[in-house]
Amino acid sequence: MAQPIISAEKPVKVSLRNLTLSFGGITALKDVSVDIRENEILAIIGPNGAGKTCLLNCLNGFYKPQKGEILFEGRNISRIRPDKAARMGLARTFQNIELFSGLTTLENAMAARHVFMKQNLLTGALYFGPAHNEEIRHRRVVEDIIDFLEIEPVRNKTVASLPYGMRKRIELARALALEPKVLLLDEPMAGMNTEEKEDIARFIVDIFEGQGESYPDTPVLRDGIRTIVLIEHDMGVVMDLADRIVVLDFGRKIAEGTPEEIKNNPLVISAYLGQSAKK
Ligand SMILES: Nc1ncnc2c1ncn2[C@@H]1O[C@H](COP(=O)(O)OP(=O)(O)OP(=O)(O)O)[C@@H](O)[C@H]1O
């Protein structure tokens, strides 16, 4: 009897196939293929200008690659709009914080929920019946996220008045409020001190693993987000958190593998040495 083929590989959640992205004469991504899998934290690393942020921008619809395709759960999303990507389950944070600085922590997180709000302007304005119930449900999710990320003390503070590290955390809250299936983090620890970095690293692991019955009514916290993509420059953090690493250099994928494999890869070492030689 034929033996069934058992694959040790984790199922693919998002597949980037042969992406090429150019701006005039600059090729930001050149024929890049990456599979992002379920049950993994995938780190994308590479020297400055390697194309890491461009890859995330293609993934959530900010940039449209000239060549190649992106499949999310098997569906082609290569030309999707960012709001539609968010609704489908792809949420991200930004390298340079992109919050509504005049709004409070709570308002910023609630703003993310508008993607899901079904009520129209009239019922929303009258604020009764379904609109009221919907608001309560959205608020419960957001309050759980605020509690989880320990930002309760600043929930009613205007974002502009808060220190940088706290604003980065609120950006994470806003991404979680979208209850994504895939979380894309663009340098979530940039500019932070060691203690702040450790806090964010712990949150990332907790988000990935899920918090079970601590948050029974908020599935994104209860069950976790089982696919996380992380762009990060701090190699210690990357080696600790990532299950797999993809390395870009000058818009090309030069390596892919476990932290151990990447650490010893001569192409990766020379890409990074090349960068420090230029400094
Ligand atoms: N909107 C744009 N217009 C023109 N060029 C762009 C644009 N966005 C990115 N680029 C260029 O594409 C290349 C890759 O940029 P990208 O921001 O993806 O790099 P990165 O790996 O994220 O770098 P860093 O680590 O410094 O953030 C760079 O040369 C950058 O200048």
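In case you missed it, the structure is sitting above this.
What you see is a predicted model, and the numbers here were worked out from it, not measured in a lab. (Residues numbered from 1 in each chain as written. Predicted model: local features only at pLDDT ≥ 70, side-chain atom pairs only at ≥ 80, totals over all residues. Heavy atoms only, no water.)

Engineer: Sorry, what's going on with empty space enclosed by the protein here?
Structural biologist: For the structure on display, the rule yields one cavity of 30 Å³ or more. Counted as a void, the largest cavity has a volume near 40 Å³. Lining the largest cavity, in full, are Thr93, Phe94, Lys168, Glu171, Leu172, Pro188 and Ile200. Tallying contributions element by element places helix H6 (residues 164-177) first for the lining of the largest cavity, with three residues. For the lining of the largest cavity, a count of residues per class yields four nonpolar, one polar and two charged. (1 Å grid on protein atoms, 1.4 Å probe; cavity = no way out; pocket = protein on both sides within 12 Å on 5 of 7 lines; lining within 4 Å. Points joined across faces, edges and corners; volume = space filled by probe spheres on them. Helix = DSSP H or I, 4+ residues; strand = E, 2+ residues; numbered from the N terminus. Nonpolar A, V, L, I, M, F, W, Y, C, P; charged D, E, K, R; others polar.)

Engineer: Whenever I open this one, H6 confuses me. Can you help?
Structural biologist: Counting along an α-helix, one turn takes 3.6 residues, and residues three or four places apart therefore face a common direction. For H6, spanning 14 residues, the distance from its first C-alpha to its last is 20 Å, which sits close to the expected 20 Å at 1.5 Å a residue. Burial in H6 covers these residues: Gly165, Lys168, Arg169, Ile170, Glu171, Leu172, Ala173, Arg174, Ala175, Leu176 and Ala177. Phi turns positive, to about 45°, at Glu179, one or two residues after H6. (Expected span 1.5 Å × (residues − 1). Buried < 20%, exposed > 50% of the residue type's maximum accessible area, 1.4 Å probe, protein only.)

Engineer: When you look at the packing of helix H3 (residues 105-113) against H6 in this model, what are you seeing that I'm missing?
Structural biologist: Helix-helix packing is characterised by the crossing angle of the two axes and by the distance between the axes. Taken N-terminus to C-terminus, the directions of H3 and H6 make an angle of 30°; their axes are 8 Å apart at the nearest point. Judged by the inter-axis angle, H3 sits roughly parallel to H6. Seen from above, H3 lies across H6 with right-handed handedness. In this structure, H3 uses Thr105, Asn108, Ala109, Ala112 and Arg113 to contact H6, whose residues at the interface are Ile170, Arg174 and Ala177. When its residues are assigned to classes, the contact of H3 with H6 shows four nonpolar, two polar and two charged. (Axes fitted to C-alpha atoms, helices over the stretch in contact; angles between N-to-C directions. Parallel < 35°, antiparallel > 145°, perpendicular 65-115°, else oblique. Left-handed = near helix turned anticlockwise from the far one by under 90°. Contact = heavy atoms within 4.5 Å.)

Engineer: Just to check I follow, could you spell out the packing of aromatic side chains for this structure?
Structural biologist: By convention here, two paired aromatic rings are described through the distance between centres and the angle between planes. Within the structure shown, the criterion is met by three aromatic pairs. On the basis of an interplanar angle of 75° and a centroid distance of 5.2 Å, the ring pair of Phe23 and Tyr63 is categorised as edge-to-face. Remark: Tyr63 occurs in the loop between helix H1 (52-59) and strand S4 (67-72) and Phe23 occurs in strand S1 (residues 12-23); sequence separation between them is 40 residues. Assessed through its relative accessible area of 36%, Phe23 is described here as partly exposed. Note on Phe148 and Phe203: the rings are 5.6 Å apart at their centroids and 65° apart in plane angle, and the pair reads as edge-to-face. Placement of Phe148 in helix H5 (residues 130-148) and of Phe203 in helix H7 (residues 194-209) is noted, with a sequence separation of 55 residues between them. For the residue pair Phe148 and Phe203, the accessibility class agrees, reading buried in each case. Above the plane of the ring of Phe203 lies Arg202, whose end atom (NZ or CZ) is 4.9 Å from the centre. Sitting above the plane of the Phe208 ring, Arg226 keeps its charged end 4.2 Å from the centroid. (Phe/Tyr/Trp six-rings, centres within 6.5 Å; stacked < 30°, edge-to-face > 60°. Lys NZ or Arg CZ within 6 Å of the ring centre and 35° of its normal.)

What is shown is where atoms sit, not what they do.
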